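# Per-entry structural report
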Amino acid sequence: GAVVSQHPSWVICKSGTSVKIECRSLDFQATTMFWYRQFPKQSLMLMATSNEGSKATYEQGVEKDKFLINHASLTLSTLTVTSAHPEDSSFYICSARVGGFGSFTDTQYFGPGTRLTVL
Amino acid sequence: GNSVTQMEGPVTLSEEAFLTINCTYTATGYPSLFWYVQYPGEGLQLLLKATKADDKGSNKGFEATYRKETTSFHLEKGSVQVSDSAVYFCALSMEYGNKLVFGAGTILRVKS
């Protein structure tokens with residue numbers, strides 16, 4: 001099956017620093033990847049849609065200058081949390097879209113997530 | 001806006017018990033509906049899906065039927081196993097494969 005990896009799986013950083021999280025589709029190409037954020041005991045909230053070779057589309061309320069997304073290739077998207085603060089501490093999950101768009105095979109495959117803790 | 005409501009957990013069952021996890025949705029239009037499962041330490045995996053009213057999705061002994069009249073997509077399994085212990089997420093999408101809206105997730109714990 002389609003495998004999506006994330007790196008790192010967890011990271012601790014100091015307030016004010018920037019952190020980059022990688023999302024890779026290991027055995028398929030994904031023109032579209034998604035970034036989600038999950039708070040403890042809460043649902044996944046879509047942050048942005050990342051399309052290869054173009055600017056990401058951010059959901060309402062998500063600061064695009066704080067959460068920089070780069071989808072440089074068909075197998076890699078990165079999320080950079082800039083000037084991180086404790087309130088940015090969360091579980092960040094990516095997914096990659098594969099299959100014929102709009103068809104029954106159109107599916108998102110999820111990475112295992114990255115736990116970010118900002119001190 | 002579009003939203004998904006799941007029953008709160010955790011749900012604790014004994015092995016071979018019957019499982020129901022309720023899921024209802026609110027959507028403008030006719031969404032596609034999904035159940036995802038997240039095992040400890042792993043990413044979300046698609047468990048089953050349904051794209052139109054009265055469709056039944058099934059996989060690994062789990063079933064869910066798309067009920068438009070009650071806007072529901074309840075997950076059921078006749079006999080759970082310890083290995084089914086995980087977090088289950090109900091989700092919808094107005095554009096197939098795109099922009100998933102998730103419920104809060106329900107933790108299932110199965111005891112031997």
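Calculation criteria
- Residue positions are given per chain, counted from 1 along the sequence in the order it is written.
- The lettering of chains begins at A and the numbering of ligands begins at 1, in the order of writing.
- Only residues with pLDDT of 70 or above have their local features reported here, since the model is predicted, and side-chain atom pairs are shown and tallied only from 80 upward, although totals for entire chains, interfaces and linings are computed over all residues.
- Remark: hydrogens and water are excluded; side-chain values derive from all non-hydrogen atoms of the structure.
- Each helix is a run of DSSP H or I of at least 4 residues and each strand a run of E of at least 2, with the numbering of both proceeding from the N terminus.
- Contact criterion: two residues are considered in contact whenever any of their non-hydrogen atoms come within 4.5 Å of each other.
- Where accessible areas are quoted, they stem from the Shrake-Rupley method and a 1.4 Å probe; at the residue level, only the protein chains shown are allowed to cover.
- Buried area adds together the accessible area that both of two parts lose upon being put together, with accessible area traced by a 1.4 Å probe.
- One side-chain nitrogen of Lys or Arg within 4 Å of one carboxyl oxygen of Asp or Glu is enough to make a salt bridge.
- N or O atoms closer than or at 3.5 Å make up a polar contact, with two conditions inside protein: a donor-capable atom paired with an acceptor-capable one, and, for residues adjacent in sequence, both atoms drawn from side chains.
- Strands are labelled as partners when DSSP assigns at least two bridges between them.
- All axes here are fitted lines through C-alpha atoms, helices being fitted over the stretch that makes contact, and every angle between N-to-C directions spans 0 to 180 degrees.
- Working definition: with a 1.4 Å probe on protein chains only, accessible area under 20% of the residue-type maximum means buried, over 50% means exposed, and in between means partly exposed.

Looking only at helices and strands, chain A features zero helices and 11 strands. Along the longest, intermediate and shortest principal axes, the C-alpha atoms of chain A span 45 × 25 × 25 Å. Pairs at least 24 residues apart make up 55% of the contacts formed inside chain A by residues separated by at least 6 positions. Total accessible area computed for chain A in this model is approximately 5,900 Å², and 55% of it derives from carbon and sulfur atoms.

So, about the interface of chain A and chain B. Counting residues at the interface gives 22 residues for chain A, matched by 18 residues for chain B. In total, chain A and chain B occlude about 1,500 Å² of area from one another, counting both sides; carbon and sulfur atoms represent 56% of this. Remark: the boundary between chain A and chain B carries one salt bridge. Our count for the chain A to chain B interface comes out at three residue pairs in polar contact (both at pLDDT 80 or more).

This brings us to the sheet that holds strand β3 (residues 19-25) of chain A. Sheet strands associate in pairs through backbone hydrogen bonding, adopting either a parallel or an antiparallel arrangement. Residue and element names in this part refer to chain A. Read from one edge of the open sheet, four strands run β1-β3-β8-β7, paired in antiparallel fashion. The open sheet is flanked by β1 (4-7) and β7 (67-73), the only strands paired with a single partner. The mean inter-strand angle of the sheet, taken between neighbouring strand axes irrespective of direction, is 15°. In this structure, β3 lies alongside strand β8 (residues 76-81), joined through six bridges in antiparallel fashion. For C23, the partnering residue across the bridge sits in β8 and is S77.

What follows is about the pattern of salt bridges. In total, this model carries six salt bridges over all chains according to the counting rule given. Residue E59 of chain A pairs with K99 of chain B through a salt bridge whose shortest N-O separation is 3.1 Å. Taken as a pair, E59 of chain A in the loop between β6 (57-58) and β7 and K99 of chain B in the loop between β10 (86-93) and β11 (101-102) lie in two separate chains rather than in one. A relative accessible area of 22% means that E59 of chain A is categorised as partly exposed. Its relative accessible area of 33% is what places K99 of chain B among the partly exposed residues.

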